Amino acid sequence: MNMMAFEYGEHMVLVDCGLMFPDAELLGVDVVVPDLTYLRENQDRLRAILLTHGHEDHIGALPYVLDEVAAPVYGTPFTLALARPKLSEHGLADSVELREMRPGQPFEVGPFRVEFIHLTHSIIESGALALTTPLGTILHTGDFKFDPTPMDQHVSDLHTLAHYGRQGVLALFSDSTNVERPGLTPSERAVRQRFAQILGEAKGRALISCFATSIHRLQIITDLAQEFRRRLCFVGRSMYQNSEIAMQMGRLNVPPGLLVPPQELKRLPPHELAVVLTGSQGEPMSALARVAVDSHRWLAVEPGDEVVISARVIPGNENAIFRMVDHLYRRGARVHYQDGSQPPVHVSGHGSTEELKLMLNLVRPKYFVPIHGEYRQLYRHLELAKQLAAVSEETILLESGDVLEFDERGARKSGRVPVGRVCIDVGTLDEVEEIILKERRHISEDGIVIPILAINEHTGQLETQPEIVSRGFVPLDEAHELVESAREVILRTIEKSNLEEVGDWGVIKEKIRTALRRHFDQETGKRPMILPVILEV
Ligand SMILES: [Zn+2]
Ligand SMILES: [Zn+2]
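The rules behind the values
- Residues numbered from 1 in each chain as written.
- Chains lettered and ligands numbered in written order.
- Predicted model: local features only at pLDDT ≥ 70, side-chain atom pairs only at ≥ 80, totals over all residues.
- Heavy atoms only, no water.
- Helix = DSSP H or I, 4+ residues; strand = E, 2+ residues; numbered from the N terminus.
- Contact = heavy atoms within 4.5 Å.
- Areas by Shrake-Rupley, 256 points an atom, 1.4 Å probe, with all protein chains shown as cover.
- Lys, Arg positive; Asp, Glu negative; His and termini not counted.
- Charge placed at Lys NZ, Arg CZ, Asp CG, Glu CD.
- Axes fitted to C-alpha atoms, helices over the stretch in contact; angles between N-to-C directions.
- Left-handed = near helix turned anticlockwise from the far one by under 90°.
- Nonpolar A, V, L, I, M, F, W, Y, C, P; charged D, E, K, R; others polar.
- Donors = N, O, S within 2.8 Å, 3.2 Å for Na, K, Ca; no water.
- Tetrahedral: all angles 85-135°; square planar, octahedral: opposite > 155°, others 65-115°.
- Expected span 1.5 Å × (residues − 1).
- Buried < 20%, exposed > 50% of the residue type's maximum accessible area, 1.4 Å probe, protein only.
- Arc of directions from axis to C-beta.
- Disulfide = S-S within 2.5 Å.
- Salt bridge = Lys/Arg side-chain N within 4 Å of Asp/Glu carboxyl O.
- Pairing = 2+ DSSP bridges.
- Polar contact = N/O pair within 3.5 Å; in protein donor to acceptor, adjacent residues only side chain to side chain.
- Phe/Tyr/Trp six-rings, centres within 6.5 Å; stacked < 30°, edge-to-face > 60°.

Quick word on the overall build of the chain
The secondary structure content of the chain amounts to 16 helices and 26 strands. For the chain, the C-alpha atoms occupy an extent of roughly 85 × 70 × 45 Å along the three principal directions. Of the contacts formed within the chain by residues at least 6 apart in sequence, a portion of 70% connects residues at least 24 apart. When the accessible surface of the chain is totalled, it reaches about 25200 Å², and 48% of it is carbon and sulfur. Measuring between centres, the 56 positive side-chain charges of the chain sit 6 Å from its 76 negative side-chain charges.

Structure below.
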């Protein structure tokens with residue numbers, strides 16, 4: 001969740017506004033967004049939201065943030081084009097002002113002079129931000145690698161980075177994602193060779209799954225589809241939407257007649273098809289996940305088909321991805337995924353150590369702050385910087401919530417602001433609180449038991465035998481003894497309670513819950529959630 005506030009006096013700009021997709025631990029949570037307490041409390045100072053690029057972990061939280069605070073949003077045309085539908089979905093399209101920013105066209109926001117500097121990444125129109133204040137320039141790299149041969153020929157603007165370096169940069173905040181990888185990250189173009197082999201040799205369909213924002217990759221596949229005389233199809237909502245946006249903006253060039261709509265896929269011979277689809281992380285409802293279990297409306301795989309998963313296996317998604325891969329093999333397809341084989345099916349969008357060093361040497365900041373990474377990666381980026389002569393004053397390790405303050409005397413950590421994660425259930429758009437997650441975890445582990453009691457409100461006596469219903473606990477149909485003993489426990493609990501207690505349903509429910517919890521724990525070693533229901537008769 002990338003989101004950083006830069007403040008000068010009474011003015012604040014926000015760099016990026018990202019979300020995170022939860023791991024399996026967060027049951028029923030669809031997205032995780034940053035805690036907005038600090039932003040909410042200081043919204044009168046917020047002047048702008050600046051976006052470095054259009055990846056979800058940089059723009060995904062925009063609708064949630066703009067639902068609470070108001071500010072114009074600056075981004076490159078493509079980044080804004082990806083943000084626009086998100087705002088529309090949340091009914092914010094009319095109320096939020098989107099302003100285009102372009103490389104080489106600096107503009108002012110309060111005391112900040114903002115310049116967007118183009119850098120290469122796995123998405124197009126990505127870059128760094130130079131924020132110049134009366135105290136000096138802050139350079140925030142966004143996500144980057146130095147790709148010498150990007151598909152759109154638009155290489156990183158090293159000259160402008162060097163220009164700022166020569167002028168003097170107060171602080172550099174730089175991407176740490178790939179600090180553990182030596183050398184240089186391969187160009188986006190590196191996947192072309194492998195894709196060409198696959199599209200050239202496949203006896204049946206060629207299915208390629210990648211992130212829908214990887215426009216470079218969509219272009220490579222488009223070019224190869226043309227070369228190998230395969231019709232091209234984009235399948236999956238975000239794949240379709242993003243390819244449309246990129247084509248309309250002239251950022252994805254598809255020759256006329258090459259595209260085929262998904263409804264027609266089944267009518268064409270398999271060896272004449274190249275399909276680009278969503279689902280590289282094995283997301284359950286995604287196009288590729290459906291194809292893998294043969295439940296996709298327009299697309300199926302069979303022997304002779306080749307499937308490429310052109311993405312990193314994001315930690316936490318291994319099970320879902322490899323289950324999907326197994327299904328695809330079972331249906332007779334051959335699957336290519338990132339397994340270290342060469343040429344690669346995927347390359348990273350983040351620079352390796354030599355690129356990180358080059359960034360430091362070009363910018364030569366007074367202060368250096370590694371960002372975008374786990375603690376170990378930030379730490380190693382710090383160590384990397386210390387080996388160079390690039391940082392003249394200090395390297396500083398910040399964690400989420402730390403405040404770093406600059407003045408004429410220097411820089412220092414000065415306190416913390418509240419940070420954390422807010423879990424959102426997209427179905428209802430409600431925040432899912434920690435307590436609810438705890439309850440869901442509890443139910444998922446030991447199940448739920450519902451004792452149902454009919455109590456006569458006048459006599460305080462049970463009208464009938466208590467019923468016991470359960471889910472995910474033990475099969476009660478086969479556990480007659482357990483059911484009987486649980487009924488006994490309920491009866492005894494009521495007998496031992498006085499009329500007032502039985503009349504107060506809050507009290508009697510709690511007593512039954514406590515007694516049953518102890519009983520089930522002793523008998524089964526499980527601690528199901530117990531929810532007594534009392535019927536008034
Ligand atoms: Zn990122
Ligand atoms: Zn990114």
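Topic: the packing of helix α14 (residues 480-495) against helix α16 (residues 505-524)
The axes of two packed helices give the description: the angle between them and the distance between them. Close contact between α14 and α16 brings their axes to 10 Å; oriented N to C, the two are set at 145 degrees. As α14 packs across α16, the resulting crossing turns out to be right-handed. Side by side, α14 and α16 meet where Leu-482, Ser-485, Ala-486, Val-489, Ile-490, Thr-493 and Ile-494 of the first sit next to Ile-508, Lys-511, Ile-512, Ala-515, Leu-516, His-519, Phe-520, Glu-523 and Thr-524 of the second. Of the residues in the contact of α14 with α16, the class split is 10 nonpolar, 4 polar and 2 charged.

Brief notes about the coordination of the zinc ion (ligand 1)
For the zinc ion (ligand 1), every protein donor is listed as Asp-57 (OD), His-58 (NE2), Asp-143 (OD) and His-372 (NE2), and the spread of their distances is 2.1 to 2.3 Å. Each of the 4 donor atoms bound to the zinc ion (ligand 1) contributes to angles spanning 89 to 159 degrees, and the resulting shape is irregular. In the primary sequence, the donor residues of the zinc ion (ligand 1) line up as D-H-x84-D-x228-H. Separating the zinc ion (ligand 1) from the zinc ion (ligand 2) is a distance of 3.4 Å, and Asp-143 supplies a donor atom to each of them. Note that His-58 is positioned in helix α2 (residues 56-59) and His-372 in the loop between β17 (365-371) and α12 (375-387), a separation of 314 residues in sequence.

Looking at α16
Look at α16: 27 Å from first C-alpha to last across 20 residues, which is about the 28 Å you get at 1.5 Å a residue. Residues of α16 that are buried include every one of Ile-508, Ile-512, Ala-515, Leu-516, His-519 and Phe-520, and no others. Across the axial projection of α16, the buried residues extend over an arc of 130 degrees, all falling on one side. Contacts made by the buried residues of α16 are with β23 (448-455), α14, α15 (499-503), β25 (529-530) and β26 (533-536). Gly-525 occupies a position one or two residues after α16 and carries a positive phi of about 75 degrees.

Topic: the environment of Leu-397
Along the chain, Leu-397 falls in the loop between β18 (394-395) and β19 (402-407). For Leu-397, a relative accessible area of 12% corresponds to the buried category. Sequence-distant contacts of Leu-397, defined by excluding residues within four places in its chain, comprise Tyr-375, Leu-378, Tyr-379, Leu-382, Asp-402 and Lys-413.

Looking at the state of the cysteines
Linking two cysteines covalently via their sulfur atoms produces the bond known as a disulfide. What the rule picks out here adds up to 0 disulfides. Not part of a disulfide, Cys-210 finds its nearest cysteine sulfur in Cys-233, a span of 13 Å.

Topic: the side chain of His-350
Along the polypeptide, His-350 turns up in the loop between β16 (334-336) and α11 (353-363). The exposure class of His-350 is buried, given its relative accessible area of 13%. For His-350, the contacting residues outside a window of four places in its chain are His-121, Asp-143, Phe-144, Lys-145, Asp-175, Thr-177, Asn-178, Thr-185 and His-372.

Topic: the pattern of salt bridges
Applying the stated rule across the entire model yields 25 salt bridges. A salt bridge links Lys-145 to Glu-188, with the nearest nitrogen and oxygen atoms 3.2 Å apart. Pair noted here: Lys-145 is in the loop between β10 (136-140) and α5 (158-167) and Glu-188 is in the loop between β11 (169-175) and α6 (192-201), with a separation of 43 residues, a long-range link. The class for Glu-188 is buried, based on a relative accessible area of 0%. Among the salt bridges present, the one from Asp-152 reaches Arg-251, with a minimum N-O distance of 2.8 Å. Here Asp-152 is found in the loop between β10 and α5, whereas its partner Arg-251 is found in the loop between α8 (237-248) and β14 (273-277), with 99 residues between them in sequence. Under the relative-accessibility criterion, Asp-152 is labelled partly exposed at 25%. It is possible to trace a salt-bridge network through shared partners that takes in Glu-405, Asp-407, Arg-409 and Arg-412.

What about the coordination of the zinc ion (ligand 2)?
Here the zinc ion (ligand 2) is held by His-53 (NE2), His-55 (ND1), His-121 (NE2) and Asp-143 (OD), and the distances to it run 2.2 to 2.3 Å. Around the zinc ion (ligand 2) sit 4 donor atoms; with metal-centred angles ranging over 90 to 165 degrees, the donor geometry is irregular. All donors of the zinc ion (ligand 2) belong to a single chain; written as a sequence motif, their spacing is H-x1-H-x65-H-x21-D.

Some thoughts on the sheet that holds strand β1 (residues 4-8)
The strand order across the open sheet built from 5 strands is β1-β2-β4-β5-β6, with neighbouring strands paired in mixed fashion. The open sheet has two edge strands, β1 and β6 (98-100), and neither has a second partner. The sheet shows a mean angle of 25 degrees between the axes of neighbouring strands, taken without regard to direction. Strand direction decides the pairing type here: strand β5 (residues 73-75) and β6, joined by 3 bridges, are parallel. Directly across from Val-73, in β6, lies its bridge partner Leu-98.

Some remarks on the side chain of Ser-352
Note on placement: Ser-352 falls in the loop between β16 and α11. Of the polar contacts made by the side chain of Ser-352, one reaches the side chain of Thr-185; its length is 2.7 Å. Among residues more than four places away in sequence, those in contact with Ser-352 are Asn-178, Arg-181, Pro-182, Gly-183, Leu-184 and Thr-185.

Side note on the packing of aromatic side chains
Per the stated rule, a full pass over the model turns up 6 aromatic pairs. With a centroid separation of 5.9 Å and an interplanar angle of 65 degrees, the aromatic rings of Tyr-367 and Phe-406 are classed as edge-to-face. A residue pair is termed long-range when its members are at least 10 positions apart, and Tyr-367 in strand β17 and Phe-406 in strand β19 qualify at 39 residues. The buried category is assigned to Tyr-367, whose relative accessible area is 6%. You can call Phe-406 buried: its relative accessible area is 19%.

As for unusual backbone geometry
Going from Gln-342 to Pro-343, the amide bond is cis rather than trans, its omega being -10 degrees. Relative to the helices and strands, Pro-343 is located in the loop between β16 and α11. Positive phi, normally seen in glycine, also occurs at Glu-125, with a value near 55 degrees. Tracing the backbone through its elements, the reader meets Glu-125 in the loop between β8 (112-119) and β9 (126-133). On the basis of relative accessibility, which here comes to 14%, the residue Glu-125 falls in the buried class.

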